[in-house]
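The primary structure of each chain is shown beneath.
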Amino acid sequence: MSLFNKNNDKDAVSLWKKEAKRLEKERNQLYSELESIRNYKENYDSLIEEVTALKCKYEKAIRKVETIGNEYSGRLKKIAGKK
């Protein structure tokens, strides 16, 4: 049976149309899921960038606090040593 033959059985044509609609619906659902996954990936990538920037910021702050702590510790030793 040729699909392009105009003498197709009406039942067969109806089945093909139903199958085409089902496949289209499935394709649309899968495309929607794919877009959702792409959005999650973009959000994940932006979160990674944000966390990396925060990590760098906090590492600088920690180094600054350690430097200040060491400086004050040195000053305290000088003051304690003079008395």
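Refer to the structure presented above.
What you see is a predicted model, and the numbers here were worked out from it, not measured in a lab.

Definitions and limits used
Residues numbered from 1 in each chain as written. Predicted model: local features only at pLDDT ≥ 70, side-chain atom pairs only at ≥ 80, totals over all residues. Heavy atoms only, no water. Helix = DSSP H or I, 4+ residues; strand = E, 2+ residues; numbered from the N terminus. Buried < 20%, exposed > 50% of the residue type's maximum accessible area, 1.4 Å probe, protein only. Areas by Shrake-Rupley, 256 points an atom, 1.4 Å probe, with all protein chains shown as cover. Patch = residues over 30% accessible without salt bridge, like charges linked within 9 Å, V, L, I, M, F, W, Y side chains within 5 Å. Salt bridge = Lys/Arg side-chain N within 4 Å of Asp/Glu carboxyl O.

Visitor: Explain the overall build of the chain to me, and be specific about the residues and the numbers.
Guide: Along its length, the chain carries one helix and zero strands. Across the 83 residues in the chain, those meeting the buried criterion constitute 1%. For the chain, the accessible area works out to roughly 8400 Å², and carbon and sulfur atoms hold 59% of it.

Visitor: Describe a nonpolar patch on the surface, with residues and values.
Guide: Nonpolar side chains collect at one region of the surface, where Leu-54, Tyr-58 and Ile-62 lie side by side and expose about 300 Å² of accessible area between them. Here Ile-62 shows up in helix α1 (residues 10-82).

Visitor: Run through the pattern of salt bridges, naming residues and quoting values.
Guide: For the coordinates displayed, the defined rule picks out five salt bridges. Here Arg-22 makes a salt bridge to Glu-19, at a shortest N to O gap of 2.6 Å. Taken as a pair, Arg-22 and Glu-19 lie in helix α1 at a separation of three residues, close to a single helical turn. In this structure, the salt-bridge partner of Lys-41 is Asp-45, at a minimum N-O distance of 3.0 Å.

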